[in-house]
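Close look at the chain arrangement
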Amino acid sequence: MNDLEKNLRAVQARIHAAAESVRRDPNGITLVAVSKTFSAENIIAAYELGVRHFGENRVEEAQAKIQKVKNQNPSAAITWHLVGHLQRRKTRDAVELFDVIHSVDSVALAQKINQRLAANKRIAILLEVNISGEQSKSGFAPEPRADFFAAVKEILNCQNLDAQGLMTIAPIVAQPPDARPYFRALRELRDELREKFPHCAWQHLSMGMTDDFEAAIAEGATMLRIGRAIFGERT
Ligand SMILES: *Cc1c(COP(=O)(O)O)cnc(C)c1O
């Protein structure tokens, strides 16, 4: 077994164990392998080991790599996730490249993405929420709630957007369990959205990375975005 396979199997085993420990079905949790800074060859190797969801954080970087992966393996059934901040001027390329955009962080960005899609085309989006309130992070402020709900309402008016849930990045904490309150807050916000906007399922909570994914699973994560634990440290 090479390092990639060892890492991947270890992550999968940890996801399984974390899910079972809170009596959740591990099949309800999607592993998104975050391949930023890693090569198309690394992506193909992970694909051959069974990974079907890949995450990138920059449009330009993803463009070259996705093309390469498609050239080498035209029949690969990959779901591509954009997990990093999206600039409005990159939305045209983003809707071509990605199947899921995790980082919708303003009404203006949502409307721009919506405009870029042909009338009959839809894209899955998640609303990024800055739960911790750190200046360095993007995302909707969850407070005041009235403002957040007003923004959600506008986004739900975008016909080409399929709003599927929420995404957050927890702060760096001393011990992984210390991240749980942030993940719990995102779940509670999702539960409020379900009450307020019941015509949407709000089925996804994208939360949990290399250092905190078990805490995220305990709080209901349905999508984990994991890079280093699979591909190794980024240089
Ligand atoms: C890089 C990145 C990840 C993965 O982080 P790791 O610590 O490598 O697991 C997840 N989400 C976002 C938004 C990222 O930019």
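Here we summarise the structure given alongside this text. Since the model is a prediction, treat every value here as computed from it, not as a measurement. (Residues numbered from 1 in each chain as written. Predicted model: local features only at pLDDT ≥ 70, side-chain atom pairs only at ≥ 80, totals over all residues. Heavy atoms only, no water.)

All right, on to the site of the ligand then. Taken together, Val 34, Lys 36, Val 83, Ile 169, Met 209, Thr 210, Arg 225, Ile 226, Gly 227, Arg 228 and Arg 234 make up the full set of residues near the ligand. Surface burial for the ligand is 93%, taken as the share of its 380 Å² of free accessible area covered by protein chains. Its residues assigned to classes, the shell around the ligand comprises five nonpolar, two polar and four charged. (Near = heavy atom within 4 Å. Areas by Shrake-Rupley, 256 points an atom, 1.4 Å probe, with all protein chains shown as cover. Nonpolar A, V, L, I, M, F, W, Y, C, P; charged D, E, K, R; others polar.)

Residue position: Asn 130 is located in the loop between β5 (123–128) and α6 (145–156). Those residues in contact with Asn 130 that lie beyond four places of it in its chain are Lys 137, Ser 138, Gly 139, Phe 140 and Pro 142. (Helix = DSSP H or I, 4+ residues; strand = E, 2+ residues; numbered from the N terminus. Contact = heavy atoms within 4.5 Å.)

Take the packing of aromatic side chains next. A complete count under the given rule lists five aromatic pairs for this structure. Look at Phe 148 and Phe 149: their rings are 6.1 Å apart centre to centre, the planes differ by 45°, and that puts the pair in the tilted class. Here Phe 148 falls in the buried class, since its relative accessible area comes to 2%. With a relative accessible area of 12%, Phe 149 lands in the buried category. Centroid distance Phe 149 to Phe 197: 6.3 Å. Interplanar angle 70°. Geometry classified as edge-to-face. Of this pair, Phe 149 sits in helix α6 while Phe 197 sits in the loop between α7 (180–196) and β7 (204–206), and the two are 48 residues apart along the sequence. Classification of Phe 197 by relative accessible area gives buried; the value is 8%. Chaining the aromatic ring pairs together yields one cluster made of Phe 140, Phe 148, Phe 149 and Phe 197. Residue placement shows Arg 52 over the ring face of Tyr 47; its charged tip is 3.8 Å from the ring centre. (Phe/Tyr/Trp six-rings, centres within 6.5 Å; stacked < 30°, edge-to-face > 60°. Buried < 20%, exposed > 50% of the residue type's maximum accessible area, 1.4 Å probe, protein only. Lys NZ or Arg CZ within 6 Å of the ring centre and 35° of its normal.)

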